[in-house]
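Listed here are the chains, written in short residue letters.
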Amino acid sequence: MSDRQRRRIQQLCMCVFLLGIGSGCERSDNYGLAPISGLIKIDGQPVAKINVTFNPTSKDEEGNPGPFSFGVTDENGQYTLMTNKGEPGAVVGPHKVAISGEYYEGDRLVTKEFIPKRYNNPTELTFDVPKGGTDAANFEIESK
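Residues numbered from 1 in each chain as written. Predicted model: local features only at pLDDT ≥ 70, side-chain atom pairs only at ≥ 80, totals over all residues. Heavy atoms only, no water.

Another point: the packing of aromatic side chains. Under the definition given, this model contains five aromatic pairs. Look at F54 and Y79: their rings are 6.5 Å apart centre to centre, the planes differ by 45°, and that puts the pair in the tilted class. With F54 in strand β4 (residues 51-56) and Y79 in strand β6 (residues 78-80), this residue pair connects regions lying 25 residues apart in the sequence. With 6.4 Å between their ring centres and 75° between their planes, F54 and F139 make a pair best called edge-to-face. Taken together, the residues F54 in strand β4 and F139 in strand β13 (residues 139-141) connect sequence positions 85 residues apart. The class of F54 is buried, set by a relative accessible area of 0%. Grouped by ring-pair contacts, the aromatic residues F54, Y79, F127 and F139 constitute a single cluster. (Phe/Tyr/Trp six-rings, centres within 6.5 Å; stacked < 30°, edge-to-face > 60°. Helix = DSSP H or I, 4+ residues; strand = E, 2+ residues; numbered from the N terminus. Buried < 20%, exposed > 50% of the residue type's maximum accessible area, 1.4 Å probe, protein only.)

A side chain of one charge can pair with a side chain of the opposite charge if their charged atoms are brought near each other. According to the stated counting rule, one finds one salt bridge in the structure shown. The salt bridge partner of R118 is E124, with a shortest N-O separation of 3.9 Å. For R118, a relative accessible area of 30% puts it in the partly exposed group. (Salt bridge = Lys/Arg side-chain N within 4 Å of Asp/Glu carboxyl O.)

Membership of the largest hydrophobic core comes to 20 residues, with the highest contact counts inside it found for I36, F54, Y79, V97, I99, F127 and F139. Going through the elements one at a time, β2 (37-42), β4, β9 (93-100), β12 (125-129) and β13 are the ones with two or more residues in this core. Among residues more than four places away in sequence, those in contact with Y79 are S37, G38, L39, I40, V52, F54, V72, T73, A137 and F139. (Core = buried A, V, L, I, M, F, W, Y, C linked by side-chain atoms within 4.5 Å. Contact = heavy atoms within 4.5 Å.)

We now examine the sheet that holds β9. In a beta sheet, neighbouring strands pair by backbone hydrogen bonds and run either parallel or antiparallel. Taken in spatial order, the five strands line up as β7-β5-β4-β9-β12 in an open sheet, and their pairing is antiparallel. Bordering the open sheet on either side are β7 (82-83) and β12, each of which pairs with just one other strand. Taken together, the four bridges between β4 and strand β5 (residues 69-72) define a ladder with antiparallel strand orientation. Bridged to V52 within β5 is G71. (Pairing = 2+ DSSP bridges.)

In structure tokens:
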């Protein structure tokens, strides 16, 4: 076997190894996901195009909390979460929940923030995602 062939095999092995590590780190199923949806009301009224982000606060054995999840409300104030890995749901367990009125279409900011910072940076909102999931992860906040 030539040195060139040996290097090619080493490079191929390294690529396979790195792909294996990367895919293991990226998988959300290790955390236990549950389907989550709900309703956002501001001053008692459902509002469209509100960003909802769930950030897990507990950590696994390696100190990783798992992926965050997000959704955007529809015209009825309803949202459904997906992880930042594109999987439906949120990690089971406690979360900090951020609600924001800013959203983007592509790279363009469409609206300016109108929701008080206490709901988004840093947030005072929390939610404990149950193992079976829920469609009642509802939040009623005030604009002032």
